[in-house]
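If you want the building blocks of each chain, they are given just below.
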Amino acid sequence: MPKNIVLTLTGRDKIGLVDNVTNVIAKRTGNVIASRMARLGGEFAILMLISVPDSEFANLDQDFQQVRGEGYQVTLLPTEDDSKKYAGWLPYEIEVTGADHEGIIHEISHHLATQRINIENMDTSSAPAPMSGTPLFTMKGIVLVPPHLNFHVLSDELEEIGDKLNVNVKVEMVK
């Protein structure tokens, strides 16, 4: 029976790193189900959900010892399917844009946590504005909202937080 595993890897950016990691997975007849990868500064981060035969898990962990020996942090975390945990919850997309400053991610995520809203995925970035060079912040993600929460109330609350932070917050139902 296949085992689902969350694989994380962080370390210095190097050409061929993804090839090396996926080769180790393929060698153990594993499959990458979903992944996120990014170069952050001079470091590279990989986050993958992989599936491998149960009998190959120990071998997979051993195979990654060589990668660890090259200075990379690698974790393999077996996971269970929890899709029933959020059955009936509603997916919303949240987008936040504006001048970058401290505390934006914290204030938004804190409000989501207090409302018992689960973050499914969230990407953030900061880049210079084309004309002025002022750092512009962008946050975009999908959240799962308990069915008892009212969309309009949630949207209004997040827009109010955005006003205090001087950023634009847009909430939409995922179609």
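What this report covers is the structure whose coordinates are included nearby. From a predicted model like this one, the values you see are computed outputs, not experimental measurements. (Residues numbered from 1 in each chain as written. Predicted model: local features only at pLDDT ≥ 70, side-chain atom pairs only at ≥ 80, totals over all residues. Heavy atoms only, no water.)

This paragraph deals with the nonpolar core. Ranked by size, the top nonpolar core spans 20 residues in total, and within it Ile 94, Val 96, Ile 108, Leu 158 and Val 169 carry the most contacts. Counting only elements with at least two residues in this core, the list comes to β5 (90–99), α3 (104–114), β7 (135–145), α4 (151–165) and β8 (167–173). Top contributing element to this core by residue count: α4, with five residues. When near neighbours in sequence (up to four residues on either side) are disregarded, Leu 158 contacts Ile 94, Ile 108, His 111, Leu 112, Val 169 and Val 171. (Core = buried A, V, L, I, M, F, W, Y, C linked by side-chain atoms within 4.5 Å. Buried < 20%, exposed > 50% of the residue type's maximum accessible area, 1.4 Å probe, protein only. Helix = DSSP H or I, 4+ residues; strand = E, 2+ residues; numbered from the N terminus. Contact = heavy atoms within 4.5 Å.)

Two elements in contact, helix α1 (residues 17–27) and helix α2 (residues 57–69), have axes separated by 10 Å at closest approach and are oriented at 155°. Relative to α2, the element α1 lies roughly antiparallel. Once α1 is placed against α2, the crossing between them reads as right-handed. Of the residues in α2, those in contact with Asn 20, Val 21, Val 24, Ile 25 and Lys 27 of α1 are Leu 60, Asp 63, Phe 64 and Val 67. (Axes fitted to C-alpha atoms, helices over the stretch in contact; angles between N-to-C directions. Parallel < 35°, antiparallel > 145°, perpendicular 65-115°, else oblique. Left-handed = near helix turned anticlockwise from the far one by under 90°.)

Our focus in this paragraph is the sheet that holds β7. Spatial strand order, β6-β7-β5-β8: four strands in an open sheet with antiparallel pairing. Among the strands making up the open sheet, the edge pair consists of β6 (118–128) and β8. Averaged over all adjacent pairs, the angle separating strand axes in this sheet is 10°, with direction ignored. Looking at chain direction, β5 and β7 are connected through 10 bridges and run antiparallel. In the strand pairing of β7, Leu 90 is matched with Val 145. (Pairing = 2+ DSSP bridges.)

Before going further, it helps to spend a moment on the environment of Pro 78. Locating Pro 78 in the fold gives a position in strand β4 (residues 73–78). The exposure class of Pro 78 is partly exposed, given its relative accessible area of 41%. Residues Pro 78 and Asn 4, spaced 74 residues apart in sequence, show a C-alpha to C-alpha distance of 5.9 Å. Beyond its immediate sequence surroundings of up to four residues, Pro 78 is in contact with Lys 3, Asn 4, Ile 5 and Phe 57.

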